[in-house]
Amino acid sequence: QVQVTESGGGSVQAGSSLRLSCIASRRTGTNNGMAWFRQAPGREREFVAGISWNGGATNYLDSVKDRFTISRDRSSGTAYLQMNSLKPEDTAVYYCAISRTSFASRTSDSYRYWGQGTQVTVAS
């Protein structure tokens, strides 16, 4: 059984930064794309950022493009999401996911393994 574990969430003020981490058990995902999704109360889960298997390609939700950075360390099977200039509208549960392929699609159906999520709350 593969486990995906997120960490780094918390409650912060607007304008602050947080760094989320994601690690998969047994280093699963080393050759797979990885991504972060989020889900706010009453809203559908949405793609936030994705990174290809070797880190060579990244893509972002437009509203976070200039504020968030996704990265990964293949040797440890870890992915990160650096979130700067946080806004109240970034408040959500953030989920890490491992793609079925080498790339990171924007659609959730493309992902095989999911973490339980970590809460990010941004106060105004």
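Scroll up to find the structure this text is about.
Note that the structure is a prediction, hence the values are computed from the model and not measured.

Conventions adopted
- Residues numbered from 1 in each chain as written.
- Predicted model: local features only at pLDDT ≥ 70, side-chain atom pairs only at ≥ 80, totals over all residues.
- Heavy atoms only, no water.
- Salt bridge = Lys/Arg side-chain N within 4 Å of Asp/Glu carboxyl O.
- Buried < 20%, exposed > 50% of the residue type's maximum accessible area, 1.4 Å probe, protein only.
- Helix = DSSP H or I, 4+ residues; strand = E, 2+ residues; numbered from the N terminus.
- Polar contact = N/O pair within 3.5 Å; in protein donor to acceptor, adjacent residues only side chain to side chain.
- Contact = heavy atoms within 4.5 Å.
- Pairing = 2+ DSSP bridges.
- Phe/Tyr/Trp six-rings, centres within 6.5 Å; stacked < 30°, edge-to-face > 60°.

Asks: Provide a residue-level description of the pattern of salt bridges, including the pertinent values.
Replies: Overall, the coordinates contain 4 salt bridges when judged by the stated rule. Salt-bridge contacts for Arg 38 lead to Glu 46; the nearest nitrogen and oxygen are separated by 2.7 Å. Residue Arg 38 is classed as buried on the basis of its relative accessible area, which comes to 6%. Note that Asp 90 and Arg 38 form a salt bridge whose closest N and O atoms lie 3.0 Å from each other. Taken together, the residues Asp 90 in the loop between strand 8 (78–83) and strand 9 (92–99) and Arg 38 in strand 4 (residues 34–39) connect sequence positions 52 residues apart. Here the salt bridges share partners, and the residues they tie into one network are Arg 38, Glu 46, Arg 67 and Asp 90.

Asks: Describe the side chain of Asn 32, naming the residues involved and giving the relevant values.
Replies: For Asn 32, the location among the structural elements is in the loop between strand 3 (18–24) and strand 4. Here Ser 99 takes part through its backbone oxygen, which lies 2.9 Å from a polar atom of the side chain of Asn 32. Here Asn 32 is in contact with Trp 53, Arg 72, Ile 98, Ser 99, Arg 100, Thr 101 and Ser 102, once residues within four sequence places are set aside.

Asks: Provide a residue-level description of the pairing of strand 7 (residues 68–73), including the pertinent values.
Replies: Burial along strand 7 is one-sided: Phe 68, Ile 70 and Arg 72 are buried, and none of Thr 69, Ser 71 and Asp 73, which face the opposite way, are. Pairing analysis gives 6 bridges linking strand 7 to strand 8, with the strands arranged antiparallel. Bridging from a neighbouring strand, Phe 68 pairs with Met 83 of strand 8. Counted between consecutive antiparallel strands, the loop separating strand 7 from strand 8 contains 4 residues, among which Gly 77 sits at a positive phi close to 70 degrees.

Asks: If you had to explain the packing of aromatic side chains to someone new, which residues and values would you point to?
Replies: Given two aromatic rings, one states the distance between the centres and the angle between the planes to describe the pair. Taken as a whole, this structure holds 4 aromatic pairs when the rule is applied. Pairing Phe 37 with Phe 47 gives two aromatic rings, centres 5.6 Å apart and planes at 85 degrees, and the pair type is edge-to-face. On the criterion of sequence distance, the pair formed by Phe 37 in strand 4 and Phe 47 in strand 5 (residues 46–51) is long-range, its members being 10 residues apart. Relative accessible area serves as the criterion here: at 1%, Phe 37 is assigned to the buried category. Taken together, a centroid distance of 5.2 Å and an interplanar angle of 80 degrees make the contact between Phe 37 and Tyr 111 edge-to-face. Of the two residues, Phe 37 is situated in strand 4 and Tyr 111 in strand 10 (residues 111–114); the sequence distance between them amounts to 74 residues. Grouping residues by exposure puts Phe 37 and Tyr 111 together as buried.

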